Amino acid sequence: MSGMMGGMSGNPTAMQNYAAWYGLNALNKIDTTAVDNANQNMAKYGEQMSQNLGNRPDYVYSVNASDAARQRAEQAYYNSMVNNFQPQFDQQRADLETRLANQGLSVGSEAYQRAMNDLTTQQNNAYTNAANQAVLSGQNAFSQSLEDSINAGNFTNSARMLPINEIMTLLSNSPSGYDIAMEKYGILGNYANMAAQQRANAQASKNAMWSNLLNAGATAAGMYFGGPAGAAAAGKLTR
């Protein structure tokens, strides 16, 4: 091959023809059977999938947070706090009644009632704070459920594409019969354009040769019949 290449080193046209032949020969040797079969299997699988699209879960385009999760969190937090409050509050009331009695304050007196009202206010504030914290706990549960729904939707959408992406990646690493055909078409197209240019160049060269011959003949005839002046005039006529 090195001898062949050396023999063509001074001939650009031969080099171009050899490059085109070498490219086509290399493409013809590529076995695309496995890739073509994979493409056919992919097409069959796609057809089967299309027939069962109605039975497959849809893509997740929107998600919603769970209001039920919010309500459960609120109720659970509030119930937990109230269950802890009740024995404490009962003990606080009993202790206060004992202390007031030891102070000599009778039930229904102004001082006695004021002390009991203050305790009731404190305990009601605790219930109110617990309710507010329960609402906050419910909001957190609502936000968490929304985030979980988004993550689940993203996972579902990504998981649906994993097999297709894997197959497409495998196919992209090997040329198919169609790819090889397009490569051949490109080489042949370039070769055809190159051949057309070569023919055009050859024709232009031939035309120039004939033009030069005609000019030379006319000049010689003018010289023969009219001397230098006749040669100059004959040269102008052939231009």
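Just above sits the structure.
Residues numbered from 1 in each chain as written. Predicted model: local features only at pLDDT ≥ 70, side-chain atom pairs only at ≥ 80, totals over all residues. Heavy atoms only, no water.

**Student:** Tell me about the overall build of the protein chain, and name the residues and values.
**Tutor:** A tally of helices and strands in the protein chain yields six helices and zero strands. In sequence order, the secondary structure elements of the protein chain are arranged as α-α-α-α-α-α. Across the 239 residues that make up the protein chain, the buried fraction comes to 18%. When contacts within the protein chain are restricted to residue pairs at least 6 apart in sequence, those whose partners lie at least 24 apart make up 74%. Accessible area of the protein chain: about 17,000 Å², with a carbon and sulfur share of 56%. (Helix = DSSP H or I, 4+ residues; strand = E, 2+ residues; numbered from the N terminus. Buried < 20%, exposed > 50% of the residue type's maximum accessible area, 1.4 Å probe, protein only. Contact = heavy atoms within 4.5 Å. Areas by Shrake-Rupley, 256 points an atom, 1.4 Å probe, with all protein chains shown as cover.)

**Student:** Outline the side chain of N157, listing residues and values.
**Tutor:** Here N157 is to be found in helix α5 (residues 110–172). Within the structure, N157 has its side chain in polar contact with the backbone nitrogen of V60 (distance 2.9 Å). Discounting chain neighbours no more than four positions away, the residues touching N157 are Y59 and V60. (Polar contact = N/O pair within 3.5 Å; in protein donor to acceptor, adjacent residues only side chain to side chain.)

**Student:** Provide a residue-level description of the environment of Y78, including the pertinent values.
**Tutor:** Looking at the element boundaries, Y78 is found in helix α4 (residues 67–102). Among the residues examined, Y78 registers a relative accessible area of 28% and is labelled partly exposed. When the C-alpha atoms of Y78 and T128 are compared, they prove to be 9.9 Å apart, with 50 residues separating the residues in sequence.

**Student:** Help me get a handle on the nonpolar core, residues and values and all.
**Tutor:** One finds L96, L100, Y112, A115, M116 and L119 forming the largest nonpolar core, which totals six residues. Every element with two or more residues in this core is listed here: α4 and α5. Looking at which element gives the most residues to this core, the answer is α5, with four residues. Setting aside its immediate chain neighbours within four residues, L96 contacts A115, M116 and L119. (Core = buried A, V, L, I, M, F, W, Y, C linked by side-chain atoms within 4.5 Å.)

**Student:** With reference to specific residues and values, describe the pattern of salt bridges.
**Tutor:** One pass over the structure, following the stated rule, counts three salt bridges. A salt bridge links R70 to E74; its shortest N-O distance comes to 2.8 Å. Of this pair, R70 and E74 both sit in helix α4, four residues apart, which is roughly one turn of that helix. You can call R70 partly exposed: its relative accessible area is 21%. The salt bridge involving E110 is made with R114; its shortest N-O contact spans 3.7 Å. On the criterion of helical spacing, the pair formed by E110 and R114 is a turn pair, its members being four residues apart in helix α5. Residue R114 is classed as partly exposed on the basis of its relative accessible area of 45%. What emerges from the salt-bridge pattern is a single network uniting D67, R70 and E74. (Salt bridge = Lys/Arg side-chain N within 4 Å of Asp/Glu carboxyl O.)

**Student:** Describe the packing of aromatic side chains, with residues and values.
**Tutor:** What the rule picks out here adds up to three aromatic pairs. Each ring, one from F89 and one from Y127, has its centre 5.4 Å from the other, and the planes form 80°; the classification is edge-to-face. Highlighted residues: F89 in helix α4 and Y127 in helix α5, separated in sequence by 38 residues. With a relative accessible area of 7%, F89 lands in the buried category. Put simply, the rings of F85, F89 and Y127 touch in pairs and so form one group of aromatic residues. (Phe/Tyr/Trp six-rings, centres within 6.5 Å; stacked < 30°, edge-to-face > 60°.)

**Student:** I'd like a description of the environment of V135, backed by residues and values.
**Tutor:** Inspection of the secondary structure puts V135 in helix α5. When its relative accessible area of 37% is taken as the criterion, V135 is described as partly exposed. Separated by 58 residues in sequence, V135 and Y77 have C-alpha atoms that sit 8.8 Å apart.

**Student:** Could you give an account of α4, naming the residues involved and the relevant values?
**Tutor:** The terminal C-alpha atoms of α4, which comprises 36 residues, lie 52 Å apart, in line with the 52 Å expected from a rise of 1.5 Å per residue. Along α4, the largest kink reaches about 25° and is centred on F85; proline P87 follows within four residues of it. (Expected span 1.5 Å × (residues − 1). Bend = angle between axes of the 7 residues up to and from the residue.)

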